[in-house]
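# Notes for the structure review
The residues making up each chain are set out below.
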Amino acid sequence: DQLVVRALEFIRLNACEGIGVAEVVAHLKVSRRLAELRFRKTCGRSILDEIQRVRLERVKRLVTETDFSIREITDRSGYQTDDHLRRMFKRQFGMTMREFRRQQ
């Protein structure tokens, strides 16, 4: 599905710039409902889930490959607040960023 391919590419390039579903839909120039339906049918997850997945993969890389502070990681991964990032990371990986960094 070319629409989904365009969405995935846009998300990959812009997820860490703080975009949301509205920006993805505007880029696609279709209704939000149509974008969500086709994305979920093709990928098995929502557009927001994909944005979060891409952001958290970047966070994981930054945690393991750099000595950046939580604040710097928050700024570089598109999250609004440190607290939100901490909650999302723990929900996804089952441990804090500090614990994850120590394990690596």
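About the criteria used
- In every chain, residue numbers begin from 1 and rise along the written sequence.
- It should be noted that, the model being predicted, local features are given only for residues of pLDDT at least 70 and side-chain atom pairs only at 80 or more, the latter also being counted only at that level, while totals for whole chains, interfaces and linings use all residues.
- In computing side-chain values, all of the structure's heavy atoms are included and hydrogens and water are not.
- Ring pairs are drawn from Phe, Tyr and Trp, using the six-membered ring of Trp, whenever the two centres fall within 6.5 Å, and their geometry is named by plane angle: stacked under 30 degrees, edge-to-face over 60, tilted for the rest.
- We count a stretch as a helix when DSSP gives it H or I for four or more residues in a row; a strand needs E for two or more, and each element gets its number in order from the N terminus.
- We call a residue buried when its accessible area falls under 20% of the maximum for its residue type, exposed when it is over 50%, and partly exposed in between, using a 1.4 Å probe and counting protein chains only.
- The term nonpolar core refers to a set of buried residues drawn from Ala, Val, Leu, Ile, Met, Phe, Trp, Tyr and Cys, joined through side-chain atoms within 4.5 Å.
- Note on contacts: a residue pair is in contact if any heavy atoms of the two residues lie within 4.5 Å.
- This arc is taken over the directions from the axis of the helix to the C-beta atoms.
- Expected helix span is computed as 1.5 Å times (number of residues minus one).

## Some points on the packing of aromatic side chains
Using the criterion set out here, one finds three aromatic pairs in the structure. Consider the rings of Phe89 and Phe93, whose centres lie 4.6 Å apart with planes at 50 degrees: the pair is tilted. Placement of both Phe89 and Phe93 in helix H6 (residues 82-93) is noted, with a separation of four residues, approximately one turn of the helix. Judged by its relative accessible area of 0%, Phe89 is buried.

## Section: unusual backbone geometry
Positioned with a positive phi, Lys29 is a non-glycine residue whose angle comes to about 60 degrees. Along the chain, Lys29 turns up in the loop between helix H2 (21-28) and helix H3 (32-43).

## Considering the nonpolar core
Grouped together as the largest cluster of nonpolar side chains are 16 residues, with contacts concentrated most on Ile11, Val24, Leu28, Phe39, Ile47 and Ile51. Elements with a contribution of two residues or more to this core: helix H1 (2-14), H2, H3 and helix H4 (47-65). Look past the residues within four positions of Ile51 in its chain and what remains in contact with it is Ile11, Ala15, Ile19, Gly20, Val21 and Val24. Counting residues in hydrophobic clusters, the runner-up holds 12 residues, among them Leu56, Ile73, Tyr79 and Phe100.

## Here's the deal with helix H5 (residues 70-77)
Burial in H5 covers these residues: Ile73, Thr74 and Ser77. Buried residues of H5 fall within an arc of 105 degrees about the axis and therefore sit on the same side. Those residues of H5 that are buried are in contact with H4, H6 and helix H7 (97-103). Immediately beyond the C-terminal end of H5, within one or two residues, lies Gly78, with a positive phi of roughly 85 degrees.

## Focus: H3
The end-to-end C-alpha distance of H3, which contains 12 residues, comes to 16 Å, matching closely the 16 Å that a straight helix rising 1.5 Å per residue would cover. Here H3 has its buried residues at Ala35, Glu36 and Phe39. Down the axis of H3, the sector holding all buried residues measures 95 degrees, keeping them to one side. Exposed side of H3, more than 90 degrees from the buried face: Arg33 and Lys41 are the residues found there. Packing partners of the buried residues in H3 comprise H1, H2 and H4.

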